[in-house]
Amino acid sequence: MDISDWRAKIDELDRELVTLLNRRAGCVLEIAKLKKQLGLAIYEPQREEEIFRNIAAANGGPLDQGALRRVFERIIDEGRSIQRLFMDDDT
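First, a word on what this report is: a plain description of the structure on this page. (Residues numbered from 1 in each chain as written. Predicted model: local features only at pLDDT ≥ 70, side-chain atom pairs only at ≥ 80, totals over all residues. Heavy atoms only, no water.)

Interhelical geometry of helix α1 (residues 3-38) versus helix α3 (residues 65-88) gives an angle of 45° and a closest axis separation of 9 Å. Here α1 is positioned oblique relative to α3, judged by the angle of their axes. For the crossing formed where α1 meets α3, the hand is right-handed. Only I75, I76, G79, I82, Q83, F86 and M87 of α3 make contact with α1, whose side of the interface consists of L21, R24, A25, V28, L29, I31, A32, K33, K35 and K36. Split by residue class, the contact of α1 with α3 holds 11 nonpolar, two polar and four charged. (Axes fitted to C-alpha atoms, helices over the stretch in contact; angles between N-to-C directions. Helix = DSSP H or I, 4+ residues; strand = E, 2+ residues; numbered from the N terminus. Parallel < 35°, antiparallel > 145°, perpendicular 65-115°, else oblique. Left-handed = near helix turned anticlockwise from the far one by under 90°. Contact = heavy atoms within 4.5 Å. Nonpolar A, V, L, I, M, F, W, Y, C, P; charged D, E, K, R; others polar.)

The next point concerns unusual backbone geometry. Trans peptide bonds make up the majority, and among non-glycine residues the majority have a negative phi. A cis amide bond, omega 15°, links G61 with the succeeding residue P62. With respect to the helices and strands, the residue P62 is situated in the loop between α2 (45-58) and α3.

In this model, α3 (24 residues) spans 34 Å end to end at C-alpha, consistent with the 34 Å of a helix rising 1.5 Å per residue. Within the span of α3, buried status applies to A67, L68, I76, G79, R80, Q83 and M87. Each element contacted by the buried residues of α3 is listed here: α1 and α2. Taking the backbone nitrogen of G66 as reference, a side-chain oxygen 3.1 Å away marks D64 as the first, capping residue of α3. (Expected span 1.5 Å × (residues − 1). Buried < 20%, exposed > 50% of the residue type's maximum accessible area, 1.4 Å probe, protein only. Polar contact = N/O pair within 3.5 Å; in protein donor to acceptor, adjacent residues only side chain to side chain.)

This paragraph deals with the nonpolar core. Listed in full, the five residues of the largest apolar core are I51, F52, I55, L68 and I76. Those elements that provide at least two residues to this core are α2 and α3. Setting aside residues no more than four positions away along its own chain, I76 makes contact with R24, E48, I51 and F52. (Core = buried A, V, L, I, M, F, W, Y, C linked by side-chain atoms within 4.5 Å.)

No statement about biological role is implied by the geometric values presented.
Printed below as a string of structure tokens:
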């Protein structure tokens with residue numbers, strides 16, 4: 001494969017990532033609905049640590065644990081933003 005083939009593969013994977021990230025965000029929104037009904041807090045540090053343990057266990061590289069954790073910290077942060085927007089919505 002040449003560089004353009006590898007780039008096409010990356011573009012394909014990026015589209016898959018977008019689909020997966022949006023599916024994950026949909027789950028986060030459903031959790032926000034339940035948290036709002038139950039009066040639960042958005043921030044759950046123990047759940048975040050569980051996520052980090054899960055991704056560390058699933059990681060086979062080449063990303064190291066620190067890199068993967070940083071990526072997921074950002075994903076989780078965006079999930080909290082989605083939850084905050086939902087929780088602050090009075091409708």
